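Descriptive structure summary
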Amino acid sequence: MRRFFQCLTLCILTCIFALPAQAVTFKIASNAPEGTAWMNDMRAVADRIAFRTEKRVQIKYFGGGVMGNGNNVLRKIRIGQLQGSMFTFGQLSDVCPDLRLYSLPFIYRNDAEMNAVRKELDPILHKELKSKGFETFHFAAGGAAFIMSDEPMTTLDGLRKKKVWIPQGDTMSYAVMDALGIAPVTLPITDVLTGLQAGLVDIIAAPPLGAIVMQWHTRTKALTKTPITYTFGVLGIVQKAFAKLSPEDQNIVREELNATMRAFDAGTAHDNAEALKVLKSRGMDIVELTPQDVNKIRGITEKVMQDLADKGAFDATLYARIQKKLSAMRGGQ
């Protein structure tokens, strides 16, 4: 009898260990429209993860902004309806305020400055996001955002006569617009195209590629080639959900998603340059702000940013570190 129960126990244990591990599905939101190269690449990496983990880890994407704006996505994450999202930095700025340091308006003058700051701050921001409960992967730059408008914009006075869009919840840009004497129109990113079509806004700021992907270029006629701000995306998965994976599967997911996000990041400059060529070929006017107005805008903006830093909108020490870095790169100018 004893031998019978030993054999029975062994059979039961064998069956248990033979069962496949419980599959984990991450439901991930994104604003990128379905059918775009970005969504196609993200679905391809989801397939690779499913294959390498023998379907223990699966990712289901909800593209085209169907899950709503950033606040709606965060709410759905909190109640467990979603496990993550491809966020813009602005959408996560209330969760991690220091992400605002990468989108400081009129502070970064070119890609070289932005990239130099990233080398120092990327690890810090990843660590901060982890402390806020998100497993994140390589940051993907969207590139410099430029003014795109219904007519050429070359002066500050011209901007003051227009309805300028800023993202919902972007307190930094709102403060700058107010200081510059511009009345902003606040809309979630999912409503921008409708806003342009309905005449609610005349001016947006976006990288060339982003404007094409979101179809915003169809409602604008000119691009002012002075960097306004820099845009970034971060894929975040709730740590509590990520922790359900085995260490081996976690490593697979990190490896695949980091590689894909690095590829996006590395291709940004080229893709935006090609997108700008497309916009030119379709008749979009490319203009510049006058040097005098650029200097005026930057002077006002720096005062606003310092005031926000002093009020705790982002880490004042990190902001000072950025300013020091940029000053050194510019030779003190």
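This report concerns the structure included in the present document. (Residues numbered from 1 in each chain as written. Predicted model: local features only at pLDDT ≥ 70, side-chain atom pairs only at ≥ 80, totals over all residues. Heavy atoms only, no water.)

1. Description of empty space enclosed by the protein
Scanning all chains against the criterion turns up one cavity of 30 Å³ or more. Quantified by volume, the largest cavity comes out at close to 40 Å³. As for the largest cavity, its lining consists of Ala29, Ser30, Asn31, Gly65, Gly68, Gly70, Val73, Ser85, Met86 and Gln91. At the level of elements, helix H3 (70-78) and strand S3 (84-88) are the ones that each hand at least two residues to the lining of the largest cavity. Partitioning the lining of the largest cavity into residue classes produces three nonpolar, seven polar and no charged. (1 Å grid on protein atoms, 1.4 Å probe; cavity = no way out; pocket = protein on both sides within 12 Å on 5 of 7 lines; lining within 4 Å. Points joined across faces, edges and corners; volume = space filled by probe spheres on them. Helix = DSSP H or I, 4+ residues; strand = E, 2+ residues; numbered from the N terminus. Nonpolar A, V, L, I, M, F, W, Y, C, P; charged D, E, K, R; others polar.)

2. Section: the layout of surface pockets
To locate leftover empty space, one rolls a probe as large as a water molecule over the atoms. Here the second largest pocket defines a volume of roughly 410 Å³. Along the wall of the second largest pocket there are 21 residues; nearest its centre are Asp111, Gly143, Ala144, Thr268 and Ala269. Elements that contribute at least two residues to the lining of the second largest pocket include exactly helix H4 (111-131), strand S5 (140-149), strand S9 (222-238), helix H10 (247-266) and helix H11 (268-281). When residues of the lining of the second largest pocket are assigned to their parent elements, the largest contribution, six residues, is made by H4. Of the residues that constitute the lining of the second largest pocket, the class distribution is 11 nonpolar, four polar and six charged.

3. Quick notes on the packing of aromatic side chains
According to the stated counting rule, one finds 11 aromatic pairs in the structure shown. On the basis of an interplanar angle of 20 degrees and a centroid distance of 6.5 Å, the ring pair of phenylalanine 26 and phenylalanine 242 is categorised as stacked. Within this pair, whereas phenylalanine 26 is found in strand S1 (residues 24-29), its partner phenylalanine 242 is found in helix H9 (residues 239-242), the two being separated by 216 residues in sequence. Assigned by exposure class, phenylalanine 26 and phenylalanine 242 land together as buried. Relative to phenylalanine 134, the ring of phenylalanine 87 lies with its centre 5.7 Å away and its plane at 80 degrees, an arrangement referred to as edge-to-face. Here phenylalanine 134 lies in strand S4 (residues 134-136) and phenylalanine 87 lies in strand S3, a separation of 47 residues in the sequence. Take phenylalanine 87: its relative accessible area is 1%, and that puts it in the buried class. The exposure class assigned to phenylalanine 134 is buried, which follows from its relative accessible area of 7%. Ring pairs connect the aromatic residues Phe89, Tyr102, Phe139 and Phe232, which therefore count as one cluster. (Phe/Tyr/Trp six-rings, centres within 6.5 Å; stacked < 30°, edge-to-face > 60°. Buried < 20%, exposed > 50% of the residue type's maximum accessible area, 1.4 Å probe, protein only.)

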